[in-house]
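# Fold and contact review
Chain residues, written in single-letter form:
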Amino acid sequence: MKQRTGNPFKGSKVQAFKVFGFLVFSFLELSNPWNLERASAQTPYYQGKTIRVIVGYQAGDSHDQWARTYTRYLGKYIPGNPNFLVQNMPGAGGMIAANYIYNIAKQDGLTMGTIGGALYFAQLIGRSEVKYDWNKFTWIGTPERSGFLLFMRTDAPYKTLDDIRNASEPPRCSATGVGSSGYDIPRVLEDTLGLRFKVISGYPGGADQDLAMERGEVHCRAFTIDAFFGREPFPTWVKKGFVRVVMQMERKRHPKLADVPTIWELMDQYKVPESKRRLATVYLNSGLFGSRPIVSTPGLSAEQAYSKTLKDPEFLDEIAKRGWTVDPVSGEDLQALAKEVTSQPPEVVEWLKKLLAK
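A brief look at the structure comes next.

### Some thoughts on the packing of helix H7 (residues 181–193) against helix H12 (residues 274–284)
Across the interface, H7 lies against H12 with an axial gap of 10 Å and an inter-helix angle of 170°. With respect to H12, the axis of H7 lies roughly antiparallel. Listed contacts from H12 to Ser181, Asp184, Ile185, Val188, Asp191 and Thr192 of H7 are Lys276, Ala280, Tyr283 and Leu284. Here the residues of the contact of H7 with H12 are counted per class, giving 5 nonpolar, 2 polar and 3 charged.

### Side note on the nonpolar core
Core analysis: the largest hydrophobic core is formed by 67 residues, its most contacted members being Trp134 and Leu189. Excluding anything up to four places from it in sequence, Trp134 contacts Ile115, Gly116, Gly117, Leu119, Tyr120, Gln123, Trp139, Phe289, Ala338, Val341 and Thr342. By size, the runner-up hydrophobic cluster in this structure holds 25 residues, among which are Val53, Tyr70, Ile78 and Ile294.

### Here we look at the environment of Tyr57
You can see Tyr57 is positioned in the loop between strand S1 (50–55) and helix H3 (62–74). The buried category is assigned to Tyr57, whose relative accessible area is 8%. Along the backbone, Tyr57 and Ala92 are 35 residues apart, and their C-alpha atoms lie at a distance of 9.2 Å. Here Tyr57 is in contact with His63, Asn88, Met89, Pro90, Gly93, Gly94, Thr114, Ile115 and Gly116, once residues within four sequence places are set aside. At a separation of 3.2 Å, a polar atom in the side chain of Tyr57 contacts the main-chain amide nitrogen of Gly116.

### A look at the packing of aromatic side chains
For the coordinates displayed, the defined rule picks out 28 aromatic pairs. Each ring, one from Phe137 and one from Trp139, has its centre 6.1 Å from the other, and the planes form 80°; the classification is edge-to-face. Taking the relative accessible area as the measure of exposure, Phe137 reaches 3% and is therefore buried. Measuring from ring centre to ring centre gives 6.3 Å for Phe223 and Phe228, while their planes differ by 85°; the resulting arrangement is edge-to-face. Each of the two residues, Phe223 as well as Phe228, counts as buried. Three or more aromatic residues joined by ring pairs make a cluster, and in this case those are Tyr102, Tyr120, Phe121, Tyr132, Trp134, Phe137, Trp139, Phe148, Tyr283 and Phe289. The residue whose ring lies beneath Arg221 is Phe223, and the NZ or CZ to ring-centre distance is 4.3 Å.

### As for helix H8 (residues 206–215)
Where H8 is concerned, the buried positions are Gly206, Gln209, Asp210, Ala212 and Met213. Looking straight down H8, one finds its buried side chains confined to an arc of 160°; they lie on one side. Against the buried residues of H8 lie strand S5 (148–153), strand S6 (172–174), strand S8 (220–224) and helix H10 (234–240). Phi for Gly216, located one or two positions after H8, is positive at around 85°.

### Structural notes on the side chain of Ser286
Relative to the assigned elements, Ser286 resides in the loop between H12 and strand S10 (294–296). Ser286 sits in the buried class, given a relative accessible area of 2%. With residues near it in sequence (within four places) discarded, Ser286 still touches Gly117, Ala118, Tyr120, Phe121 and Phe148.

### Quick look at unusual backbone geometry
Note the cis peptide between Glu232 and Pro233, where omega equals 15°. Following the sequence through the fold, Pro233 ends up in the loop between helix H9 (225–230) and H10. Of note in the backbone geometry, Ala92 takes a positive phi value of approximately 60° without being a glycine. Given the relative accessible area of 33%, Ala92 is considered partly exposed. Of note in the backbone geometry, Lys271 takes a positive phi value of approximately 50° without being a glycine. Take Lys271: its relative accessible area is 70%, and that puts it in the exposed class.

### Examining the packing of H7 against helix H16 (residues 346–356)
Packing of H7 against H16 brings their axes to within 9 Å, and their N-to-C directions diverge by 105°. With respect to H16, the element H7 is oriented roughly perpendicular. Within the contact between the two elements, H7 uses Tyr183, Asp184, Arg187, Val188 and Asp191 and H16 uses Trp351, Leu355 and Leu356. Residues of the contact of H7 with H16, tallied by class, amount to 5 nonpolar, no polar and 3 charged.

The rules behind these values
Residues numbered from 1 in each chain as written. Predicted model: local features only at pLDDT ≥ 70, side-chain atom pairs only at ≥ 80, totals over all residues. Heavy atoms only, no water. Axes fitted to C-alpha atoms, helices over the stretch in contact; angles between N-to-C directions. Helix = DSSP H or I, 4+ residues; strand = E, 2+ residues; numbered from the N terminus. Parallel < 35°, antiparallel > 145°, perpendicular 65-115°, else oblique. Contact = heavy atoms within 4.5 Å. Nonpolar A, V, L, I, M, F, W, Y, C, P; charged D, E, K, R; others polar. Core = buried A, V, L, I, M, F, W, Y, C linked by side-chain atoms within 4.5 Å. Buried < 20%, exposed > 50% of the residue type's maximum accessible area, 1.4 Å probe, protein only. Polar contact = N/O pair within 3.5 Å; in protein donor to acceptor, adjacent residues only side chain to side chain. Phe/Tyr/Trp six-rings, centres within 6.5 Å; stacked < 30°, edge-to-face > 60°. Lys NZ or Arg CZ within 6 Å of the ring centre and 35° of its normal. Arc of directions from axis to C-beta.

Here's what the structure looks like:
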C-alpha cells in the first residue's frame, strides 16, 4: 500500500482554525505592552515624549517656581529622558487643576501636577465643584513639609490680637478659594482664638494677592512659611518693614520666626477648650502634605525618579542658592496619609462644614 504523504489537514476546517488561532495568539502577544517593552528595550516608552506638569497656580508663584526647577532635573532619572512642559492652570486654590488631572487628562502616564495640600477638605464637606477623589490620585511626593503663618501690613490698625478680636471692622485677608490656606486658616483662627477676619476670595493666584496687599485692598494673608521666605516680594517686604508676621502654626517656633508666637502658645494663653484644640489639629495636619504635593494620572510611576531628583547635587545646589529647603515626603507616605485624612468621623466632617461654609 502506498503511504500517504503531506498534511492530512490541508484544505480542511481544522487547518483553517489552527492558522486563525495562531494569528490571533501572535497578535495578542505582539500587542502586549510587556512583550513590546522586552522586544524593544532600547526604546523606552518615554523616549521622545513630553510629560506635562499642571501647576494649579499662576506663573511666578512658589508652586510654579518649584515645578520649573525640579523638571529641569527629573527627566534624566526617567528611562527615555522625556521632556517636560509646565502648564499653569490657576483658580479655586488649585481645585481646577486637581479636577483636570483626575477627570480630563489622558490616562497615558504623560500628565502630572502640583496642587494644594488641603484640597481634601472640600471633598470631605461635599462641595459640588469637587470632581476628584483625593485617595485615588497617584501620589509622587512633596519636596517639603511646611507649617503656616499669618502676616499683615505693618500700617494696618491691628497691632495686637485683641485689636483683631474686638475690631468693629475686621481685617481683610486675601485667598484664592476654599481649600487654600488663605481661606481656611482665618476660619480656624476665628473658631479657636475668637479672632475676626473678612476673607476676600477669588484671586487667581499669588501675584494678584501680592498686588492687592500693595494697593491696600487687603491687610493680611495666611500661607506657608517656606513660601514666605522662598520668593519675592516677601523678603523685601520684611526688610522694608511693610509687613509683619502675626503668628505661626508650627508646633515649635520656626528658627526664622523665633519672636513670633505659635497658635499652640496662643491657645494656652486664651485657654481654648481641648475639643477645639483637637479640631484645629485636624486642619493643621494638612501641612503634612506639604505646600506643593505632586500627583499624577494612573500609569506615571515617577516617585523613584522624583526621589533621586531631590538628591541630585546640582539640584540641591540650585535650591540652596534660592534659599529653599528640602524635607521630602514620599509618594507612598502621602498615599497612606490620603487614605487616613479622607476617613474622618461624622463630628469632624460637621465641624468642617460649619467652619468652611461661613
